[in-house]
Amino acid sequence: MNKTWADVPVATGATKDVAASKLPFPVGSSPSRVLRAVVVLAASLAAGCAVGPDFKRPAPPQVSAYTAGPLPTTTASANVAGGEAQHFAEGADIPADWWTLFHSPALNALIEQALAHNADLKAAQAALTVARENTRAGRGAYYPAVDGGFSATRQMQSQQVAPGPNYPVVPQEYLYSFFTPQLSISYAPDVFGLNRRSVESLQAQQQAVRFQMIAARITLSTNVVATAVQQASLRAQIAATHELIAINARMVGILKYQLGKGYASRLDLAAQESQLAQVRAGLPPLLTQLAQQDNALAVLVGRFPSQAPAAPFELASLHLPQQLPLSLPSALVEQRPDVRQAQANMHAASAQVGVAIANRLPNISLSANVGSTALAIDQVFKSGTGFWSVGADLAAPIFHGGSLLHQERAAKAAYVQAAQQYRSTVLTAFQNVADTLAALQHDAEGLQAAARAEDAARVTLDLSRRQYRVGYASYLSLLSAEQGYQQARMALVQAQASRFADTAALFQALGGGWWHDAAAGKADAPPGAPPSPAPTAAHHADASHAAPVRDHDEK
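The shown structure was predicted, so the numbers you read here are calculated from the model rather than taken from an experiment.

Considerations on the overall build of the protein chain
When helices and strands are counted, the protein chain shows 10 helices and 8 strands. Residues classed as buried in the protein chain amount to 42% of the 555 residues present. Contacts in the protein chain between residues at least 24 apart in sequence constitute 82% of all its contacts with a sequence separation of at least 6. Accessible surface for the protein chain amounts to roughly 27900 Å². Of this, 56% is attributable to carbon and sulfur atoms.

Topic: the nonpolar core
Counting 75 residues, the largest nonpolar core has Tyr66, Leu107, Val224, Val225 and Val433 as the members making the most contacts within it. Each residue touching Tyr66, except ones within four places of it in the same chain, is listed here: Leu326, Ser327, Leu328, Pro329, Leu332, Phe430, Val433, Ala434, Leu437 and Leu510.

Focus on the packing of helix 9 (residues 403-470) against helix 10 (residues 475-509)
Packing of helix 9 against helix 10 leaves a shortest axis separation of 7 Å and a crossing angle of 160 degrees. One way to sum up the angle between helix 9 and helix 10 is to call them roughly antiparallel. In terms of crossing hand, the pair formed by helix 9 and helix 10 is left-handed.

A few points about empty space enclosed by the protein
According to the stated counting rule, one finds 1 cavity of 30 Å³ or more in the structure shown. Size it by volume and the largest cavity reaches roughly 30 Å³. Gln231, Asp294, Leu297, Ala308, Pro309, Ala311 and Phe313 are the residues that line the largest cavity.

What to know about the packing of aromatic side chains
Each aromatic ring pair is specified by the distance between its two centres and by the angle formed by the two planes. Summed over all chains, the structure comprises 7 aromatic pairs. Judged by centre distance (5.6 Å) and plane angle (40 degrees), the rings of Tyr66 and Phe430 are tilted. Note that Tyr66 is positioned in the loop between strand 1 (53-54) and strand 2 (87-90) and Phe430 in helix 9, a separation of 364 residues in sequence. Summarising the aromatic geometry, the rings of Tyr468 and Tyr475 are spaced 5.4 Å apart at their centres and angled 50 degrees between planes, so their arrangement reads as tilted. The class of Tyr475 is partly exposed, set by a relative accessible area of 27%. Taken together, Trp98, Trp99 and Phe507 form an aromatic cluster joined through their ring pairs. A cation sits over an aromatic face here: Arg210 above Phe211, 5.2 Å from the ring centre.

Structural notes on the pattern of salt bridges
In total, this model carries 15 salt bridges according to the counting rule given. Residue Glu454 is joined to Arg458 by a salt bridge in which the shortest nitrogen-to-oxygen separation is 2.5 Å. Note that Glu454 and Arg458 are positioned in helix 9 at a spacing of 4 residues, about one turn of the helix. In this structure Glu454 comes out as buried when scored by relative accessible area, which is 5%. Linking Arg465 and Glu482 is a salt bridge whose minimum nitrogen-to-oxygen distance equals 3.9 Å. Here the residue Arg465 occupies a position in helix 9, and Glu482 occupies one in helix 10, the gap between them amounting to 17 residues. Among the charged side chains, a salt-bridge network with shared partners connects Asp54, Arg197 and Glu200.

What to know about helix 9
With 68 residues, helix 9 should reach 100 Å at 1.5 Å per residue; the first-to-last C-alpha distance of 95 Å fits that figure. Gly471 sits one or two residues past helix 9 and shows a positive phi near 90 degrees.

With respect to the environment of Ala137
Mapped onto the elements, Ala137 comes out in helix 4 (residues 119-139). What makes Ala137 exposed here is its relative accessible area of 58%. Separated by 62 residues in the primary sequence, Ala137 and Val199 have C-alpha atoms spaced 9.0 Å apart.

The rules behind the values
Residues numbered from 1 in each chain as written. Predicted model: local features only at pLDDT ≥ 70, side-chain atom pairs only at ≥ 80, totals over all residues. Heavy atoms only, no water. Helix = DSSP H or I, 4+ residues; strand = E, 2+ residues; numbered from the N terminus. Buried < 20%, exposed > 50% of the residue type's maximum accessible area, 1.4 Å probe, protein only. Contact = heavy atoms within 4.5 Å. Areas by Shrake-Rupley, 256 points an atom, 1.4 Å probe, with all protein chains shown as cover. Core = buried A, V, L, I, M, F, W, Y, C linked by side-chain atoms within 4.5 Å. Axes fitted to C-alpha atoms, helices over the stretch in contact; angles between N-to-C directions. Parallel < 35°, antiparallel > 145°, perpendicular 65-115°, else oblique. Left-handed = near helix turned anticlockwise from the far one by under 90°. 1 Å grid on protein atoms, 1.4 Å probe; cavity = no way out; pocket = protein on both sides within 12 Å on 5 of 7 lines; lining within 4 Å. Points joined across faces, edges and corners; volume = space filled by probe spheres on them. Phe/Tyr/Trp six-rings, centres within 6.5 Å; stacked < 30°, edge-to-face > 60°. Lys NZ or Arg CZ within 6 Å of the ring centre and 35° of its normal. Salt bridge = Lys/Arg side-chain N within 4 Å of Asp/Glu carboxyl O. Expected span 1.5 Å × (residues − 1).

Spelled out as structure tokens, the structure:
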């Protein structure tokens, strides 16, 4: 610390007689010289240091993998739409518009509408504006406050209390006016860094809100992709369910006919009617889910449910990205906006510790007043009407019932809380990536198995149709084969949708490429991020290690 409050000479009074010996200028100085002296004194007092801990960004976790065991670099493949093998490119960069890798113009247009009109995103952007303006407002404490004023009074004096020697010859002797323009200046030198720590906290809070907005932007784009995929999946499942209902209805009709002819039992018919009822019972939930997805998609793009996009999505219109970036574990904490938000919250809590410490130390305030007082408006600012005053005050807390001490302890505990929340957010981020990588591997295997099951069901259906045509199989056998095929189709559609959705989830889990987004800015881009979007090639350098947070006075 360059100075302490005891080292700074200050005037304890504001009048000329008391404070003159302690002021750095002669008593008869002009107002302009007085103001200059106040500014010089304020600058010298502000040269102190800021108490409290100096925040240092936490070092990235020392882990080299996302999962306990090694994962294959390439997923399984299947000869169906969305069944392409996906390759994980370790260290590859993520484009900001990663959804374009699905090669769907309709999806691209929908996401652009969502980014332009979504109400939650606009609210997050407005919250960032609020935080930014609050930070700018807090910086005003660095400068003196200057206020101008003008007062005009008209008054009459009692002749009994203060008789005048010229009354009644001069009747206006008891009736006169005062005109007083004046300029007031006040300044609190930031000797112990109270203002600097407060602004530091506001800046960190602004960063937290900024990363919250970035996370909302990434989540919005991911939700649009997931909702569109789910919408397409539900439409395919509903179509297959309608086919199953028709098949089961035909089977019930045949069994009723056979029951009447004595070729089938009542038990067979009851079992088939139960099967038909179960299939029909599965249709309303699917229709409800589809309506909910339609409404959700409309709201995501900033529309009312009655204005939902008319064009339905089909899974066949989406292209599965085959080259998937896999960021280095050391770079994940720099890329994830929720981790950066937790880090900013930790920074704000660290600055609040300094604020609490500074509140326990003496506070110095400087003031100056200059103006003119005259009995007539045309006499203002003439010789002999001016006045000025300067003063300095020192206030030190002596006893506050222990509240300041406990506020400091609470601020330190809040910093520990923020640090643990940061650690929890980092662990969750790594969990998200690990879960998504495992899901993508198992999705590929599940889609491969579903494709094989669908192929087998199709072969069974083809053979059943041939046998039925030549009389070797009954119509019930054909309907049973068709039912098995439709069920296999539904399982395949669900497996395809899971793969598309989890691919989008991987881009979200890795940070969504926000550092390439002009709307988010590149001031806080992860170390080593390339200057322009690159879907596959560019690699991140390892994040530099930072020292742990410690108090700047620590030896």
